[in-house]
Amino acid sequence: MHGLLNAIYGTLFTWGLTALGAACVLIVPGKRRDVLDISLGFSGGVMLAASYWSLLCPALDLAEKQGWGKGSCIPVSIGLILGAGFVLLADLLLPDTVTLMSNKTAVEKKFDSEPEDSITIESRDSDMARDSEVRHRKPNLTANSDTSSDNSVIDEKLRKVQLRRLVLLIVAITVHNFPEGLAVGVGYASVGRPGVDLQQAHNLAIGIGLQNFPEGLAVSVPLKAAGFSTFDSFFWGQASGMVEPIAGIIGVICVTLVEQILSIALSFAAGAMIWVVCNDIVPEASAYNHTRLCSIGVIVGFVVMMCLDTALA
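Just so it is clear, the structure is predicted and the values come from calculations on it, not from any experiment.

**Considering the packing of aromatic side chains**
Then, number 1: One pass over the structure, following the stated rule, counts 5 aromatic pairs.
Then, number 2: Ring geometry for Y52 against W53: centres 5.1 Å apart, planes inclined by 85 degrees, an arrangement best described as edge-to-face.
Then, number 3: Classification of Y52 by relative accessible area gives partly exposed; the value is 40%.
Then, number 4: Overall, W53 belongs to the partly exposed group, its relative accessible area being 28%.
Then, number 5: Between the aromatic rings of W53 and F302, the centroid separation amounts to 5.6 Å while the plane-to-plane angle is 75 degrees, which identifies the pairing as edge-to-face. Of this pair, W53 sits in helix α2 (residues 33–68) while F302 sits in helix α11 (residues 291–311); the two residues are 249 residues apart in sequence, bridging distant segments of the chain.
Then, number 6: According to the relative accessible area criterion, F302 is partly exposed, its value standing at 28%.

Right, here's the structure in full:
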């Protein structure tokens, strides 16, 4: 019982620090493409660093302790591929119409010339066609003043592609937080075993919580820069950490089972994050020739997360 309560308190703490990071959106200017691109780069850097130091490295250590030895890369590779495949499948299966808001939102205000319809996200097949069309037509957007209607259509397509990518960013960070919650739960459930005491479990929760701070920031700031309201940006930023208390409870109740699958769960999250960075974040941040800003963001985010992960290992 004490292990369960401690796991709940510990994962509420980690969730709280995610929310604290998301709250930084209060001081970030919104509706600016340069801010969006550098914040997406920051998110990508955070996710890449977390993929290795928070997920893949611990997964390899766990697999080795479970008896895989030099073959520890096998379950980790399986988990990584499954994670990337999960995000790809989620991308393909997103319905043609997903209502993100019922009323006119800050995102729609960014496109005042467009109808005040609900925002929708279209399927990947149509996205690929739109991307191709946009690449070929974008250089000619201002070539002729008679093409304003075509411009608005392309802007609408670009906006929907951008929203899809932001949704997948939220999905990837949320998937990443689930095995971390499991790890906290297992840590508290293992108190009393040889070599494991309560302070070690506390340290694990504190370390994961501090790592969650930039992750909350990595979700909320791109949303704000893309035109979401401050409240919506904060809500989705903190919501990415809501799964940790649930995962912590599962980790305590099913500690033996979770210990066996934790290496795969960690690498699964890493695969999901790496796929989103390569397939969505970098292309979106580079779409408007802000590649240097994106690269600066990636390096800053990577360094911040690397320092936190290694200092709190």
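**Topic: a nonpolar patch on the surface**
Then, number 1: Residues W68, I74, I78, L82 and I264 make up a contiguous nonpolar surface patch of roughly 450 Å² in combined accessible area.
Then, number 2: Per-element tally for the nonpolar patch: the top contributor is helix α3 (residues 73–93), with 3 residues.
Then, number 3: Tracing the chain through its elements places L82 in helix α3.

**Describing the confidence of the model for the protein chain**
Then, number 1: Summarising the model, the protein chain shows a mean pLDDT of 77, and 77% of its residues fall at 70 or more.
Then, number 2: Averaged pLDDT values for the elements of the protein chain fall to 42 in helix α4 (residues 106–109) and rise to 91 in helix α8 (residues 230–239).
Then, number 3: Every residue in residues 96–130 scores below 50 in pLDDT, and together they form 74 contacts with partners more than four places removed in sequence or on other chains.
Then, number 4: Segment residues 132–139: pLDDT under 50, and 7 contacts once partners within four positions in sequence are set aside and those in other chains are kept.

**Some details on the side chain of N177**
Then, number 1: One can find N177 in helix α6 (residues 148–189).
Then, number 2: Accessibility expressed as a relative area gives 0% for N177, which makes it buried.
Then, number 3: For N177, the contacting residues outside a window of four places in its chain are N212, E215, S240, G241, V243 and E244.

**Here we look at the nonpolar core**
Then, number 1: Among the nonpolar cores identified, the biggest contains 56 residues, and L40, M47, M273, V276 and I281 are the most heavily contacted of them.
Then, number 2: At the level of secondary structure, the elements contributing two or more residues to this core comprise α2, α3, α6, α7 (198–225), α9 (243–253), α10 (255–285) and α11.
Then, number 3: What M47 contacts, discounting residues up to four positions off in sequence, is L169, A172, I173, M273, V276, V277 and I281.

**Let's talk about the side chain of S263**
Then, number 1: With respect to the helices, strands and loops of the structure, S263 is situated in helix α10.
Then, number 2: With residues up to four places along the chain from it excluded, the contact list for S263 reads A59, L62, A63 and Q66.

**Overview of empty space enclosed by the protein**
Then, number 1: According to the stated counting rule, one finds 1 cavity of 30 Å³ or more in the structure shown.
Then, number 2: Lining the largest cavity are L40, Q162, R165, L166, L169, D280, I281 and E284.
Then, number 3: Here the element with the most residues in the lining of the largest cavity is α6; it accounts for 4 residues.
Then, number 4: Here the lining of the largest cavity is built from residues that sort into 4 nonpolar, 1 polar and 3 charged.

Reading the values: rules and limits
Residues numbered from 1 in each chain as written. Predicted model: local features only at pLDDT ≥ 70, side-chain atom pairs only at ≥ 80, totals over all residues. Heavy atoms only, no water. Phe/Tyr/Trp six-rings, centres within 6.5 Å; stacked < 30°, edge-to-face > 60°. Buried < 20%, exposed > 50% of the residue type's maximum accessible area, 1.4 Å probe, protein only. Helix = DSSP H or I, 4+ residues; strand = E, 2+ residues; numbered from the N terminus. Patch = residues over 30% accessible without salt bridge, like charges linked within 9 Å, V, L, I, M, F, W, Y side chains within 5 Å. Areas by Shrake-Rupley, 256 points an atom, 1.4 Å probe, with all protein chains shown as cover. Salt bridge = Lys/Arg side-chain N within 4 Å of Asp/Glu carboxyl O. pLDDT = per-residue confidence, 0-100. Contact = heavy atoms within 4.5 Å. Core = buried A, V, L, I, M, F, W, Y, C linked by side-chain atoms within 4.5 Å. 1 Å grid on protein atoms, 1.4 Å probe; cavity = no way out; pocket = protein on both sides within 12 Å on 5 of 7 lines; lining within 4 Å. Points joined across faces, edges and corners; volume = space filled by probe spheres on them. Nonpolar A, V, L, I, M, F, W, Y, C, P; charged D, E, K, R; others polar.

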